Amino acid sequence: MLCALPFTSCSQSNQKETVSPPITQTSLPDTFTTLKFELDGKPCMAVINNKFKDFKGKAEYSLSLFLTVKTIEKDANGHPTEKESVLFHELQARIMKDLGLILPYCHTGTTTMNGYRDILLYISPSDQDKAIAVLNKIKQENPRFESYTFEPDPEWEAVASFYEAIPAKN
């Protein structure tokens with residue numbers, strides 16, 4: 001089952017204090033590639049934002065922020081049912097909207113694994129505390145939102161294998 005494409009990739013605020021991503025992010029359209037792979041003998045899927053394949057602004061967004069969302073209603077492979085997919089996308093949209101009101105981020109994609117999904121973001125290290133405040137509030141309100149982790153990743157090594165798997169443009 002293919003999941004719907006992620007809702008947004010780079011955030012911008014509509015508040016008085018506008019948070020704007022660098023021009024390099026907004027100048028390219030969002031296009032996504034679906035990649036299939038296996039983990040522990042189970043099929044998995046990644047929907048990766050092509051915009052960041054050769055992104056030059058990695059140094060500004062050197063902190064990975066990976067959010068894990070439990071899949072409660074799942075098929076035999078641990079992938080979400082249609083109903084569960086809708087709930088995931090609603091939660092993902094809220095997270096990205098709420099984060100986008102206070103900080104810029106790069107949404108590199110999502111993964112679907114056995115029993116959970118990950119939302120893959122990169123932010124500036126200086127925005128970590130702001131992100132924590134938003135995420136803790138959403139996490140308290142939604143039992144599917146299991147966890148989030150921050151890791152310094154100035155070269156985006158955590159998503160490099162996905163970008164290596166995307167075919168080069170002609």
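Residues numbered from 1 in each chain as written. Predicted model: local features only at pLDDT ≥ 70, side-chain atom pairs only at ≥ 80, totals over all residues. Heavy atoms only, no water.

1. Points about helix α2 (residues 82-100)
Every α-helix winds through 3.6 residues per turn, so residues three or four apart in the chain are directed the same way.
Then comes step 1: The terminal C-alpha atoms of α2 lie 27 Å apart, and with 19 residues this matches the ideal 27 Å at 1.5 Å per residue to within 8%.
Then comes step 2: Those residues of α2 that sit buried are E84, S85, F88, H89, L91, Q92, I95, M96, D98, L99 and G100.
Then comes step 3: Buried residues in α2 make contact with β3 (63-70), β4 (106-113), β5 (116-123), α3 (128-141) and β6 (145-152). (Helix = DSSP H or I, 4+ residues; strand = E, 2+ residues; numbered from the N terminus. Expected span 1.5 Å × (residues − 1). Buried < 20%, exposed > 50% of the residue type's maximum accessible area, 1.4 Å probe, protein only. Contact = heavy atoms within 4.5 Å.)

2. Remarks on the nonpolar core
Then comes step 1: Counting 21 residues, the largest nonpolar core has L65, L67, I95, L99 and L135 as the members making the most contacts within it.
Then comes step 2: Contributions of two or more residues to this core are made by β3, α2, β5, α3 and β6.
Then comes step 3: Per-element accounting of this core gives the leading share, five residues, to α2.
Then comes step 4: Those residues in contact with L65 that sit more than four places away from it in its chain are L99, I119, L120, L121, I123, A131, L135, Y148, T149 and F150.
Then comes step 5: Membership of the second largest hydrophobic core comes to 15 residues, among which are Y61, F66, L120 and W156. (Core = buried A, V, L, I, M, F, W, Y, C linked by side-chain atoms within 4.5 Å.)

3. Observations concerning unusual backbone geometry
Then comes step 1: We note that D40 has phi near 55°; this positive angle belongs to a residue other than glycine.
Then comes step 2: With respect to the element layout, D40 can be found in the loop between β1 (32-39) and β2 (42-49).
Then comes step 3: With a phi angle near 55°, W156 is a residue other than glycine that sits in the positive phi range.
Then comes step 4: Within the element layout of this structure, W156 appears in the loop between β6 and α4 (157-165).

4. Comments concerning the packing of aromatic side chains
Then comes step 1: As enumerated under the stated definition, the model contains nine aromatic pairs in all.
Then comes step 2: For the pair F52 and F55, a centre-to-centre distance of 5.1 Å together with 85° between the ring planes defines the contact as edge-to-face. One exposure class covers both F52 and F55, and it is buried.
Then comes step 3: Taken together, the ring pairs connect F52, F55, Y61, F66, Y122 and W156 into an aromatic cluster.
Then comes step 4: Seen from the ring of F88, R117 lies directly overhead, with NZ or CZ sitting 4.2 Å from the centre. (Phe/Tyr/Trp six-rings, centres within 6.5 Å; stacked < 30°, edge-to-face > 60°. Lys NZ or Arg CZ within 6 Å of the ring centre and 35° of its normal.)

Function cannot be read off these values alone, since they describe shape.
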